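# Structural description and commentary
If you want the building blocks of each chain, they are given just below.
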Amino acid sequence: MQTSTIGKPVLRTPYQRSVAAYWNTNQNDPVNLKLGEIDGIYHHHYGVGDYDPAVLDGPKETRDERVIAELHRLETAQANVLLDHLGDIAPTDRLLDAGSGRGGTSLMAHQRFGCHVDGVSISEYQVGFANEQAAVHGVADQVAFHFRNMLDTGFDNGRYQAVWTNETTMYVDLFELYGEFARLLPFGGRYVCITGCANDVTGGRSKAVSRIDEHYTCNIHRRSQYFAALAANRLAPINVVDLTAATIPYWELRAKSSVATGIEEAFLTAYREGSFHYLLIVADRI
Ligand code: GPP
Ligand code: MG
């Protein structure tokens, strides 16, 4: 059985093993690798903001390169929106990236705040990849990725000034997750979440949302579940931003790119029909 440095099994359920298997075998994903190669910041989330339509014009031979660079710019912009909401972070603080993927947001957080950042992932491949990137960037002593489960990290109580999840909450039970975050944050600590969530107002799960779940082996939560789980775990929302309109251009551009994976139409349909939102939620530990 695979164990982390804290000795307990990291993967607790057959579902968690299947999620880890997905990310461990998803090693040839140009939609993420080709973008990350541009500057060594590898993201596993989507983008926000308008794209420059000029990237679609100009010489055909370099069109794809321009589109990929633009998609990367929009994904980096998304991570910056998340970091903008972490509040005042001192170089002596510690941050936790819960579901850290290949490490992009963590490296950006360290570049911005100069503080220690820990990332956790249940994919050993991703943890290895992200730690290699931290070494390439010369910050391995400040940005560290761990094979641990974000539902039960084993880190000390109150260790983190802020915790974030960048599109990772659809893999876990929110009540369990926020129970762990409430333990890891001190009073006044901050939690920032960017997520896709289903719209309670449109009724049951739409076909487009079901297709997204199937594609990524995840379980997209309803909007109301986020606020119920935060309230149940001493996490008081201070800001909620609907990023849905801001992410649609990213998906339109991605659908026209060579790195499209086939899931683009489901996102566009879900967002346009209103069955799905792209939300930023900020909460303080009380
Ligand atoms: C992926 O990023 C994000 C998820 C798998 C979680 C699902 C997110 C929702 C908002 C529902 P990725 O960068 O690995 O995906 P892709 O390979 O498609 O770019
Ligand atoms: Mg991606």
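Residues numbered from 1 in each chain as written. Chains lettered and ligands numbered in written order. Predicted model: local features only at pLDDT ≥ 70, side-chain atom pairs only at ≥ 80, totals over all residues. Heavy atoms only, no water.

Okay, the overall build of the chain next. Broken down by element type, the chain carries 10 helices and 7 strands. The C-alpha atoms of the chain give 18 Å as radius of gyration, which agrees with the globular expectation for 286 residues (19 Å, within 12%). Within the chain, residue pairs in contact and separated by at least 24 positions form 78% of the contacts whose partners lie at least 6 positions apart. Element-wise, carbon and sulfur atoms account for 52% of the exposed surface of the chain, whose accessible area totals about 11800 Å². Distance from the positive charge centre (25 side chains) to the negative charge centre (34 side chains) of the chain: 4 Å. (Helix = DSSP H or I, 4+ residues; strand = E, 2+ residues; numbered from the N terminus. Rg over C-alpha atoms; globule rule 2.2 N^0.38 Å. Contact = heavy atoms within 4.5 Å. Areas by Shrake-Rupley, 256 points an atom, 1.4 Å probe, with all protein chains shown as cover. Lys, Arg positive; Asp, Glu negative; His and termini not counted. Charge placed at Lys NZ, Arg CZ, Asp CG, Glu CD.)

This brings us to the UniProt feature "domain: Methyltransferase" (unreviewed entry) in the chain. As annotated by UniProt and renumbered to match this structure, "domain: Methyltransferase" (unreviewed entry) occupies residues 96–189. Counting secondary structure, residues 96–189 comes out at 36% helix and 20% strand; the distance between its end C-alpha atoms is 12 Å. (UniProt positions renumbered as here; feature names shortened; annotations may be inferred.)

Turning our eyes to something else, we now look at the pairing of strand E5 (residues 190–198). When you tally the buried positions in E5, you get 9 out of 9 residues, the bulk of the element. Across the two faces of E5 the burial is the same, with Arg190, Val192, Ile194, Gly196 and Ala198 and Tyr191, Cys193, Thr195 and Cys197 all buried. Pairing analysis gives 5 bridges linking strand E4 (residues 162–166) to E5, with the strands arranged parallel. Bridging across to E5, Trp164 finds its partner in Val192. In terms of handedness, the path from E4 via helix H6 (residues 174–184) over to E5 forms a crossover that is right-handed. (Buried < 20%, exposed > 50% of the residue type's maximum accessible area, 1.4 Å probe, protein only. Pairing = 2+ DSSP bridges. Right-handed = clockwise from strand over helix to strand, strands pointing away.)

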